[in-house]
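Each chain, letter by letter, is given below.
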Amino acid sequence: MNVADVQDAITRAHHGEWARVIASLTKRFGDLDIAEEAAAEAFAVAVERWPADGVPPNPGAWLTTTANRKAIDRIRRESKRDDKHKEAQRMWDDPAEPAVPLGAIDDDRLRLIFTCCHPALAMQTRVALTLRMVGGLTVPEIARAFLLQDTAVGQRITRAKAKIKAARIPYRVPSAEDLPARVPGVLAVLYLIFNEGYLTTGPGTDPVRHDLTAEAIRLARLIRALLPDDGEVAGLLALMLLTEARRTARVSAGGELVTLDEQDRGAWDAALIAEGHRLVRERLAAAAAGVAPGRYQILAAINAVHTSARDVRDTDWSQVLALYDQLVRVDPSPIVALNRAIALAELDGPEVALAAVDRLDDALAGYHAYHATRADLLRRLGHSRQSRAAYDRAIDLAGNTAETAYLTRRRDQLG
Amino acid sequence: MRYLVSVIDDKTDSATPDVMAAIDAFNERIQAEGHWVFAGGLAAPSSATVVDNRGGEALITDGPFLESKEYLAGFWVMEAADLDEALKLAADGSRACDARVEVRPFL
């Protein structure tokens, strides 16, 4: 086996096994910190040994065994200093309080996700902890993704682990009764990770961080496999797939944003779209049976309408608008109203849409997409001067390099 | 596992009869369920006295050690299996006493 193959095997093992190793060690030792350190050490040993010894027949089992040994080594070292770990281990191993069994829906990784996304942790902490423990990203990788200092991310994760231990945040899948209240928190973390990947902010950064979008999709697939009956899980996965499918068409070779109406639809990923459409159809069938769809399912359905049109002129805008009307009822936020207005422009013209957009000024004056939308509507109405001012404002506020490039070109093309 | 559930408020001893009845009912319930360790309401911070004997000579100061608009108005000490259970109890306690509460584990 050559070096590249071994490297490949290690990368695959890291993607496939990291969360599993962390999860199984956390279950056994009742301590995320020990699990994280031991897992990292086991992968370091793999990097050192696999090129010489060859890749073991079952890399996951090899890594778990090695990590277990590392964890026991650490506990032995520490037990010479104090006996606290025994107490900790006893508490965690205590099977006296099992959650209401969920039948087949139980998995160590699912416990891990729910612990990392616990509502007692701040949102940013949940994101960092999930990427580290479930996604296997390193602290510097997470820091780079969110434009933070390594030390800030490291501290956030360290404090989170300390809180989980001190406050005894349980390492378990919530009971069936609590699950509906807890799943949205997990999905919010995944959507945030995805969006940061899809619309990366910050000057000098890549406009799209494929590593983050891919990670969010991987985690959403995992949750989907574990909770196949949850409509919003299916909806979020579909939404991510249908968005990811357009990724390569969305940024030009010159690094400029390409809007939906100008994208080369032949460059969309047909396999991802097919998978997303399957999920949306599944949820439409559930909706027809009387299950009210949540916001991810409605957003996925809107994306399904767009990705069904082979040409932008074939877009069923009345369907899009009807879905936005439905979304407004679930999520009456000004950003939803803004996106609804964009669909309205296609049906009732830019003047009607502009009136709807202008009503959002109080809420969205600091949001670049509000000004970009206004600029586009004003341009279509022939109000060049006002359009230019709106483009200027949008450019000032935009954080994504591809969007800035697109808005600048559009402004400079005004007559 | 033991948790301190602190009641955060900008007033003390101001509960209406309805709130008092709700707190009593909640207390009886957590006693029956085995979560109760101790609980109590506190007099206003202006009645507090700070004592500092770190130097060997007890220094006595009038007033709370920290002036703030909101303060500890009362507390429960509860026994719970884990934070999830403690948070559920705290949610019921917050509703009963009509105030925000903070949940903090004992060491």
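Nothing here was measured: the structure is a model prediction, and the numbers come from that model.

(A) Representation of the overall build of chain B. For chain B, the count of helices and strands is two helices and six strands. For chain B, the sequential pattern of α-helices and β-strands runs β-α-β-β-β-β-α-β. Dimensions of chain B, computed from the C-alpha atoms along their principal axes, are close to 45 × 35 × 20 Å. Residues counted as buried form 32% of the 107 residues belonging to chain B. Counting only carbon and sulfur atoms, one obtains 55% of the accessible surface of chain B, whose full area is about 6900 Å². In chain B, which carries 9 positive and 19 negative side-chain charges, the distance between the mean positions of the two groups comes to 5 Å.

(B) Geometry of the domain arrangement of chain A. All names here are of chain A. Assigned domains within chain A: domain 1 (3–92), domain 2 (104–209), domain 3 (229–330) and domain 4 (333–415). On a C-alpha basis, the centres of domain 2 and domain 3 stand 25 Å from each other. At the junction of the two partners, domain 2 supplies ten residues and domain 3 supplies 14 residues. Summed over both sides, the interface of domain 2 with domain 3 buries roughly 1100 Å², with 75% coming from carbon and sulfur. If you look at where domain 2 meets domain 3, you find zero salt bridges. Across the domain 2-domain 3 interface, the total number found is one residue pair in polar contact (both at pLDDT 80 or more). For the side of domain 2 that touches domain 3, the class distribution of residues is ten nonpolar, no polar and no charged.

(C) Quick look at empty space enclosed by the protein. The full count for this structure, using the stated rule, is one cavity of 30 Å³ or more. Reported here for the largest cavity is a volume of approximately 30 Å³. The wall of the largest cavity is formed by Phe114, Thr115, His118, Pro170, Arg172, Val173, Pro174 and Arg182 of chain A together with Asp84 of chain B.

(D) Spotlight on the pairing of strand S3 (residues 49–52) of chain B. Residue and element names in this part refer to chain B. Sheet analysis places S3 next to strand S4 (residues 59–62), joined by four bridges and oriented antiparallel. Its bridge partner being in S4, aspartate 52 is matched across the sheet by leucine 59. Between the antiparallel neighbours S3 and S4 lie six residues, among them glycine 56 with a positive phi of about 95 degrees.

Conventions and cut-offs
Residues numbered from 1 in each chain as written. Chains lettered and ligands numbered in written order. Predicted model: local features only at pLDDT ≥ 70, side-chain atom pairs only at ≥ 80, totals over all residues. Heavy atoms only, no water. Helix = DSSP H or I, 4+ residues; strand = E, 2+ residues; numbered from the N terminus. Buried < 20%, exposed > 50% of the residue type's maximum accessible area, 1.4 Å probe, protein only. Areas by Shrake-Rupley, 256 points an atom, 1.4 Å probe, with all protein chains shown as cover. Lys, Arg positive; Asp, Glu negative; His and termini not counted. Charge placed at Lys NZ, Arg CZ, Asp CG, Glu CD. Domains from an automatic or database assignment. Contact = heavy atoms within 4.5 Å. Buried area = accessible area lost by both parts, 1.4 Å probe. Salt bridge = Lys/Arg side-chain N within 4 Å of Asp/Glu carboxyl O. Polar contact = N/O pair within 3.5 Å; in protein donor to acceptor, adjacent residues only side chain to side chain. Nonpolar A, V, L, I, M, F, W, Y, C, P; charged D, E, K, R; others polar. 1 Å grid on protein atoms, 1.4 Å probe; cavity = no way out; pocket = protein on both sides within 12 Å on 5 of 7 lines; lining within 4 Å. Points joined across faces, edges and corners; volume = space filled by probe spheres on them. Pairing = 2+ DSSP bridges.

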